[in-house]
Amino acid sequence: MDIQIATTERRATPTIKEPIIRLDGVSKTYGGFQALSGIDLVIGKGEKVIICGPSGSGKSTLIRCINHIERHSHGRIVVNGKELTNNTKDIAAVRRDTGMVFQNFNLFPHLTILENCCLAPMKVKGVGREQARELAIHYLRRVRISDQASKYPSQLSGGQQQRAAIARALCMQPKIMLFDEPTSALDPEMVKEVLETMKSLANDGMTMLCVTHEMGFAREVADRIIFMDHGSIVEQSDPGAFFSAPSTERAKDFLKMIL
Ligand code: ADP
C-alpha cells in the first residue's frame, strides 16, 4: 500500500492509494459543546490506524461517527463508497461494512455466545439459521473460544467476552473493524489475549481503526498513529516517528504521561 506520511506537516492527511474511509471537515457538537472540529481524514483499505490522545479529546466520538452511532453535525463522511446522510439505506450499508467492538463488550446477557454471534447475520443480513451457526462457529474458532459457544456472557472471563464480541462483529463479515478502547475494561492478564486476537486480524489485512492506550500494540501493529486533542487531529505519523520524535508539545506531554 502506498501511504506517504508527511513528516514536515504532521497534521496533513497522507496520500492514500485506495481510500475506504474519508472524512472532510467533520465536526460534531453535543448541545453547545464542540467534541470534533474540522476533521479531515482518509483511511486506506487494509490500513491499521491507532487513535490516541487524552481523555475527552474526541477519539470515541470520531469512530462512533464513522458508523453513525453518533451523527456528525457538519462535513462529509464516506465509508466504502457510501456517504453518511439521512439515507437510511446507506446508513444500514455502512453499519454492515463496519464491525464495532466496545470497551464493555456489549454482548446480550440473555443470549449464549453462539446466539449473540448468530443474531445480526440472521436479523440484518437475512442469513439462515444453519448458515449463521456455521459462521458463528467459524469466527468463534478464529478467536479461539468455540468451546465457550453455549455459555452465557456472565460465565466467561472479561478477555473471553471481548473475544466473543470480536467474533460477533466478524460474523457480519465487515470490511472495517472499529475498536473503542477494547482492552481498557480488562484485568491486565486478559489484555494480552485480546491484543493477540487483534494482531491476528491485522495480519489478515483487515482495515482497522482502534482507539487505545496500548502503545506497545500501537508500535507493533499500526501503519499510522493519529493523536487527537480538544476535538482535532493534532498530528499523525508512522509509529516510528510518533514515538521517537512527536512534533507537538501536546503529543510529547501525552507520551510522557502514558509511557
Ligand atoms: P475520548 O474518547 O477522547 O475520551 P469522547 O469522544 O468520548 O472522548 O468525548 C469527547 C467530548 O465530548 C468529551 O468532552 C465528552 O464529555 C463529550 N461527549 C461525549 N459524548 C457526549 C454526549 N453524548 N453528550 C454530551 N457530551 C458528550
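Residues numbered from 1 in each chain as written. Predicted model: local features only at pLDDT ≥ 70, side-chain atom pairs only at ≥ 80, totals over all residues. Heavy atoms only, no water.

Draft legend 1. Quick peek at the sheet that holds strand β7 (residues 176–180). Taken in spatial order, the six strands make up an open sheet running β6-β7-β8-β3-β9-β10, and their pairing is mixed. Because the sheet does not close on itself, it has two edges, and the strands there are β6 (98–101) and β10 (232–237). Adjacent strand axes in the sheet meet at a mean angle of 20°, parallel and antiparallel pairs treated alike. Bridging between β7 and strand β8 (residues 207–211) involves five bridges; their strand directions are parallel. Residue pairing in the sheet places Ile-176 in a bridge with Thr-207 of β8. Where helix α1 (residues 59–66) meets the sheet, it contacts β3 (48–52), β6, β7, β8 and β9 (224–229), and its direction lies at approximately 150° from that of β7. (Pairing = 2+ DSSP bridges. Helix = DSSP H or I, 4+ residues; strand = E, 2+ residues; numbered from the N terminus. Axes fitted to C-alpha atoms, helices over the stretch in contact; angles between N-to-C directions. Contact = heavy atoms within 4.5 Å.)

Draft legend 2. Layout of α1. By the criterion of burial, α1 is predominantly enclosed, with six of the eight residues buried. Burial in α1 covers these residues: Lys-59, Thr-61, Leu-62, Ile-63, Cys-65 and Ile-66. One or two positions beyond α1, positive phi appears at His-68, with a value near 65°. (Buried < 20%, exposed > 50% of the residue type's maximum accessible area, 1.4 Å probe, protein only.)

Draft legend 3. Quick peek at the site of the ligand. Near the ligand you find Tyr-30, Phe-33, Ala-35, Pro-54, Ser-55, Gly-56, Ser-57, Gly-58, Lys-59, Ser-60 and Thr-61, and these make up its full shell. Gly-58 places a main-chain nitrogen or oxygen 3.0 Å from an oxygen atom of the ligand. Within the contact set of the ligand, an oxygen atom lies 2.7 Å away from a side-chain nitrogen or oxygen of Lys-59. Taking 560 Å² as the accessible area of the ligand by itself, protein coverage stands at 60%. Sorting the residues of the shell around the ligand by element identifies β2 (33–44) and α1 as the ones contributing at least two each. Tallying contributions element by element places α1 first for the shell around the ligand, with three residues. Tallied by class, the residues present in the shell around the ligand amount to four nonpolar, six polar and one charged. (Near = heavy atom within 4 Å. Polar contact = N/O pair within 3.5 Å; in protein donor to acceptor, adjacent residues only side chain to side chain. Areas by Shrake-Rupley, 256 points an atom, 1.4 Å probe, with all protein chains shown as cover. Nonpolar A, V, L, I, M, F, W, Y, C, P; charged D, E, K, R; others polar.)

Draft legend 4. Geometry of the environment of Ala-164. You can see Ala-164 is positioned in helix α5 (residues 158–170). Here Ala-164 falls in the buried class, since its relative accessible area comes to 0%. Residues Ala-164 and Ala-136, spaced 28 residues apart in sequence, show a C-alpha to C-alpha distance of 9.7 Å. Apart from the residues lying within four places of it in its own chain, the contact partners of Ala-164 are Leu-107, Ile-113, Cys-117 and Ile-145.

Draft legend 5. Region of the structure containing the packing of aromatic side chains. Considering all chains together, one arrives at three aromatic pairs under this definition. Ring centres of Phe-242 and Phe-243 lie 5.4 Å apart, and the angle between their planes is 75°; this geometry places the pair in the edge-to-face category. Accessibility expressed as a relative area gives 0% for Phe-242, which makes it buried. A network of ring pairs unites the aromatic residues Phe-227, Phe-242, Phe-243 and Phe-254 as a single cluster. Geometry around Phe-243 places Arg-219 over its ring, the cationic atom sitting 4.3 Å from the centre. (Phe/Tyr/Trp six-rings, centres within 6.5 Å; stacked < 30°, edge-to-face > 60°. Lys NZ or Arg CZ within 6 Å of the ring centre and 35° of its normal.)

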